[in-house]
Amino acid sequence: MTLLRVLLPLIFLVSFAGLSAAQDTSGDASVLTPGQQSLEDIMARQRGEDVPFGAELPLPLEGDAPPAESHLGPLGASSDADLWREIRADALPDARASNRGPAAKVLMQDGGMWWLNFRHGPLLTYGSLLLGVTVVLMAIFYLIRGRIRIEHGRAGITIERFKFIERFGHWLIASSFILLAITGLVSLAGRKLLIPLFGHEAFSTFAIAGKWVHNNVSWAFMLGLVMVFVMWIVHNLPDRTDINWILKGGGIFGKGHPPAKKFNAGQKLIFWAVIILGTSISVSGISLLFPFELTMFEPTLALLNDMGVPQLLGLGTIDATLTPQEEMQYAQLWHAVISFVLMAVIIAHIYIGTLGMEGAFEAMGSGDVDLEWAREHHSIWADEVVAKQGKPASGTQPAE
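What you see is a predicted model; the values in this text were computed from it and never measured. (Residues numbered from 1 in each chain as written. Predicted model: local features only at pLDDT ≥ 70, side-chain atom pairs only at ≥ 80, totals over all residues. Heavy atoms only, no water.)

Caption draft 1: Structural view of the packing of aromatic side chains. The final tally for this structure, using the stated rule, is eleven aromatic pairs. Seen from their ring centres, Phe-141 and Tyr-351 are 6.1 Å apart, and the 85 degrees between their planes marks the pair as edge-to-face. Placement of Phe-141 in helix α4 (residues 113-145) and of Tyr-351 in helix α12 (residues 324-353) is noted, with a sequence separation of 210 residues between them. The residues Phe-141 and Tyr-351 share a single accessibility class, namely buried. On the basis of an interplanar angle of 35 degrees and a centroid distance of 5.8 Å, the ring pair of Phe-177 and Phe-221 is categorised as tilted. (Phe/Tyr/Trp six-rings, centres within 6.5 Å; stacked < 30°, edge-to-face > 60°. Helix = DSSP H or I, 4+ residues; strand = E, 2+ residues; numbered from the N terminus. Buried < 20%, exposed > 50% of the residue type's maximum accessible area, 1.4 Å probe, protein only.)

Spelled out as structure tokens, the structure:
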């Protein structure tokens with residue numbers, strides 16, 4: 001019993017000393033390989049300090065001796081962390097994949113972080129600001145100018161402005177674009193705005209349905225673009241009457257309206273904005289629907305370099321070599337930026353065609369407009385229609 005009392009304290013002291021020595025050895029950070037993380041790195045990131053990740057640090061050179069086991073390497077030189085670090089740095093040239101896609105062997109892409117940060121930061125912030133400012137400006141304009149009335153009252157006679165097929169093409173674009181705008185905004189900002197309100201499961205259901213709608217309704221939008229372009233291109237070519245219309249501000253301020261044909265200069269600007277921006281959105285959308293199949297930005301950047309545009313702006317030569325993922329990231333950002341611009345244009349168009357001007361909605365509603373409205377806003381076109389009919393009341397009906 002006396003012997004046991006002596007041995008127990010001795011065993012305890014020896015064990016404690018061995019444990020302390022093991023901790024001192026394993027805590028030596030000097031044995032970390034280049035690119036490995038230390039406990040200090042992790043703690044520094046938690047404090048908000050800028051510490052580079054493994055892919056930003058040099059990898060061990062070929063032929064280097066295997067590193068000693070560190071306290072953060074559970075499997076030593078063969079740890080999973082080392083493997084994923086090499087994958088992240090694209091340092092596995094002999095890697096093979098079961099599929100043969102252009103990005104099959106890319107599992108991690110550090111270069112996409114700028115895209116993610118821009119998508120969740122400036123893109124959403126400034127895009128929302130653009131839409132908000134547009135709505136505010138329309139409200140201010142309404143408070144200052146009020147609704148643009150038919151100055152001499154309705155004539156009681158209507159003339160046909162748009163045929164059914166023209167109105168069908170217009171409403172095909174309008175309805176599909178509204179659906180695309182809503183589902184696109186959900187895809188961009190849903191996680192930040194909708195998940196806190198409705199939860200993950202409800203948002204998941206809505207997002208999946210929205211993606212399906214977005215992908216399929218896009219074809220209706222593109223069909224509408226083709227229809228209105230073919231039907232209205234001849235009426236939207238610039239001419240001398242547009243200069244006078246612009247100089248007089250379209251008659252929005254003050255009395256009287258400048259002469260205009262079937263489409264005035266303001267409507268022509270809307271037409272070309274929808275055609276050009278809508279086509280750009282459609283092309284970038286197709287590249288997103290069929291990933292890695294349509295390369296747009298690499299040849300575009302190369303062409304800009306050849307034309308000297310970046311050099312003229314003081315940006316130097318732009319790196320035109322893009323990975324497949326970077327092509328998709330540029331396409332997504334372009335798709336979203338141009339969509340925000342077109343949404344602002346459409347908000348202004350909706351305002352002037354409904355609340356902003358008396359008699360305007362009838363053109364796309366029934367297709368017939370009051371003769372006095374036509375003479376005030378499109379006098380050249382109205383005179384041509386009346387002359388073709390022989391007399392104002394021919395082929396017309398009283399306005400309700």
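Next comes the rest of the description.
Caption draft 2: Inspection of the side chain of Ser-379 at higher detail. Positionally, Ser-379 belongs in helix α15 (residues 379-389). We classify Ser-379 as buried; its relative accessible area is 17%. Contact partners of Ser-379, with chain neighbours within four places excluded, come to Pro-259, Ala-260 and Ala-374. (Contact = heavy atoms within 4.5 Å.)

Caption draft 3: Main features of the pattern of salt bridges. Counted by the stated rule, this structure contains eight salt bridges. Between Glu-166 and Lys-262 there is a salt bridge, with its nearest N and O atoms 3.6 Å apart. With Glu-166 in helix α5 (residues 164-193) and Lys-262 in the loop between α8 (240-247) and α9 (265-289), this pair connects stretches of sequence that are 96 residues apart. Exposure class is identical for Glu-166 and Lys-262. Each is buried. The closest approach of N and O atoms between Lys-268 and Asp-242, which form a salt bridge, is 2.9 Å. With Lys-268 in helix α9 and Asp-242 in helix α8, this residue pair connects regions lying 26 residues apart in the sequence. Of the residues examined, Lys-268 reaches a relative accessible area of 5% and is grouped as buried. Classification of Asp-242 by relative accessible area gives buried; the value is 9%. Taken together, the shared-partner salt bridges connect Asp-239, Asp-242, Lys-261 and Lys-268 into one network. (Salt bridge = Lys/Arg side-chain N within 4 Å of Asp/Glu carboxyl O.)

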